[in-house]
Amino acid sequence: MNLNIEIVMAFFLLSCLMLTACSRMLHCIRIVVLQGLLLGVLPLLLAEHIHTEQYVAAALNIIIKAAALPVLLYLAMKKADVKRELEPLVSYPVSLLVVLCGIAGAFMLSAHLSLPESSSNSLRLVLPVSFSVVFTGLFIVMARKKAITQAIGFLTFENGIALFGTGMMLECGLAVELGILLDVFVLVFVMGIAVMRINRAFEHIDSDKLVLLGETSGGNEK
């Protein structure tokens, strides 16, 4: 197995644990930047013969996922003047335990999946790691209150899908990844605008407070 790929996969797992245990949003954004850089390097490591498609995938991952999207999140964080996730729905120690169990479950699930005999050991390692990243992203969306932190969770979720597509070298994987990436880009862009406007009118941007506001408005209409 390629040692460089093992190192990249180890950093992906480490980034999942760091995202789960980190309360400072700036650090979370930096971890997302790291994931974008790792996704940019991975196509070049996996390809036996590097073609134009690998260079395009690497460049797009680095430019968009390691630069453009994190910058949007950073600007939204600054405009909203929020720096930490102080009261998550699930505490950080429990979150770390849940993600560790999710990673273990991803490896157990991958061990029972049948892959083509031609699949290399490197590709067999990418499968459980991509499942772990997807699980981590979904968990962050559900376990955190701040809208910006949830956007980071969406980005992590998409990074897991991109890791699966890149690692498994799926047919037309680049086209599928570009479609998903466009959706996430629009999501973060719209969420950034919403966060900045909400912060002008309210003292907080906790998503559960916004749900309560909607329920109250519905009750008043009745």
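Treat the numbers as computed from the prediction; the structure is a model and nothing was measured. Here the residue numbering is sequential within each chain, running from 1 through the sequence in written order. Whole-chain, interface and lining totals are the exception, using all residues; otherwise, since this is a predicted model, local features are given only for residues with pLDDT of at least 70 and side-chain atom pairs are given and counted only at 80 or more. Heavy atoms from the whole structure form the basis of all side-chain values; hydrogens and water molecules are not counted.

S.K.: Account for the overall build of the chain, naming residues and giving values.
M.R.: Going along the chain from the N terminus, every DSSP run of H or I of four or more residues is numbered as a helix, and every run of E of two or more is numbered as a strand. Counting secondary structure elements, the chain contains 8 helices and 0 strands. Within the chain, contacts between residues at least 6 apart in sequence are counted, and of these 76% link residues at least 24 apart. Contact definition: two residues touch when any of their heavy atoms are within 4.5 Å.

S.K.: Describe the packing of helix α1 (residues 3-21) against helix α4 (residues 92-111), with residues and values.
M.R.: Direction vectors running N to C along α1 and α4 enclose 155°, while the axes themselves pass 8 Å from each other. On the basis of the axis angle, α1 is roughly antiparallel to α4. The two elements α1 and α4 meet at a crossing, and its hand is right-handed. When α1 is examined against α4, the residues L13, L17, T20 and A21 are found in contact with a partner set consisting of Y92, S95, L96, V99, L100, I103 and F107. Charged residues are taken to be Asp, Glu, Lys and Arg, nonpolar residues to be Ala, Val, Leu, Ile, Met, Phe, Trp, Tyr, Cys and Pro, and polar residues to be all remaining types, Gly included. A class-by-class count of the residues in the contact of α1 with α4 yields 9 nonpolar, 2 polar and no charged. For every element, the axis is a line fit to its C-alpha atoms; helices are fit only across the contacting stretch, and the angle between N-to-C directions ranges from 0 to 180 degrees. Here roughly perpendicular refers to angles of 65 to 115 degrees, roughly parallel to angles under 35, roughly antiparallel to angles over 145, and oblique to all remaining angles. Two helices crossing with the near one rotated counterclockwise from the far one by less than a right angle form a left-handed crossing, whereas a clockwise rotation gives a right-handed crossing.

S.K.: How would you sum up the pattern of salt bridges? Please name residues and give values.
M.R.: What makes a salt bridge here is a side-chain nitrogen of Lys or Arg within 4 Å of a carboxyl oxygen of Asp or Glu, nothing more. Inspection of every chain in the model, using the stated rule, returns 1 salt bridge. A salt bridge links E158 to K65; the nearest nitrogen and oxygen atoms lie 3.2 Å apart. With E158 in helix α6 (residues 147-168) and K65 in helix α3 (residues 52-80), this pair connects stretches of sequence that are 93 residues apart. On the accessibility criterion, K65 (3% relative accessible area) is buried. Per-residue accessibility, obtained with a 1.4 Å probe over protein chains only, is compared with the maximum for each type, and a residue is labelled buried under 20%, exposed over 50%, and partly exposed between these values.

S.K.: How would you summarise α1 if you had to cite specific residues and measurements?
M.R.: Helix length check: α1 (19 residues) gives 27 Å between terminal C-alpha atoms against 27 Å at 1.5 Å per residue, within 8%. Burial in α1 covers these residues: I5, V8, M9, F12, L13, S15, C16, L19 and T20. Across the axial projection of α1, the buried residues extend over an arc of 150°, all falling on one side. A helix's residues, less one, multiplied by 1.5 Å, set its expected span. Taken from the helix axis, the directions to the C-beta atoms give the arc we talk about.

S.K.: Got a sec to walk through the nonpolar core? Specific residues and values, please.
M.R.: In this structure, V8, M9, F12, L42, V129, V133 and L163 are the most contacted members of the largest nonpolar core, which totals 20 residues. Going through the elements one at a time, α1, α2 (25-46), α4, α5 (121-143) and α6 are the ones with two or more residues in this core. By size, the runner-up hydrophobic cluster in this structure holds 18 residues, among which are C28, V32, L73 and L155. By nonpolar core is meant a set of buried Ala, Val, Leu, Ile, Met, Phe, Trp, Tyr and Cys residues that side-chain atoms within 4.5 Å join together.

S.K.: Give me the lowdown on the side chain of S23, citing residues and values where you can.
M.R.: Take S23: it is sitting in the loop between α1 and α2. With a relative accessible area of 16%, S23 lands in the buried category. Polar side-chain contacts of S23 include one of 2.9 Å to the side chain of R84. The term polar contact refers here to a pair of N or O atoms within 3.5 Å; inside protein, the definition further demands a hydrogen-donor-capable atom paired with an acceptor-capable atom, and it admits residues adjacent in sequence only when both atoms are side-chain atoms.

S.K.: Which residues make up the packing of α1 against α2, and what values do they have?
M.R.: Between α1 and α2, the shortest axis-to-axis distance is 10 Å and the interhelical angle comes to 160°. When the interaxial angle is binned, α1 and α2 end up roughly antiparallel. Every pair of crossing elements has a handedness; the one defined by α1 and α2 is left-handed. Seen from α1, the contacting residues are N4, I5, V8, M9, F11, F12, S15, M18 and L19; seen from α2, they are C28, I31, Q35, L38, L39, L42, L45 and L46. Tallied by class, the residues present in the contact of α1 with α2 amount to 14 nonpolar, 3 polar and no charged.

S.K.: How would you summarise the environment of M108 if you had to cite specific residues and measurements?
M.R.: In this structure, M108 sits in helix α4. Judged by relative accessible area, which is 55%, M108 ranks as exposed. Sequence separation between M108 and P128 is 20 residues, and the spatial gap between their C-alpha atoms is 8.2 Å.

S.K.: Give a description of a positive patch on the surface that names residues and reports values.
M.R.: Judged by side-chain charge, R24, R30, K78, K83 and R84 come together as a positively charged surface patch. Structurally, R30 can be placed in helix α2. A residue counts toward a patch only above 30% relative accessible area and without a salt bridge, and it is joined to like-charged neighbours within 9 Å or, for Val, Leu, Ile, Met, Phe, Trp and Tyr, to nonpolar neighbours within 5 Å. The Shrake-Rupley method, run with a 1.4 Å probe, gives the accessible areas here. Residue values count only the displayed protein chains as cover. When charges are counted, neither His nor the chain ends are considered; positive counts come from Lys and Arg and negative counts from Asp and Glu. Charge positions come from single atoms, namely NZ of Lys, CZ of Arg, CG of Asp or CD of Glu.

S.K.: An account of the environment of T20 is needed here, citing residue identities and associated values.
M.R.: Positionally, T20 belongs in helix α1. With a relative accessible area of 0%, T20 lands in the buried category. Not counting chain neighbours up to four residues away, the residues in contact with T20 comprise Y92, S95, L96, V99, T136, F139 and R144.

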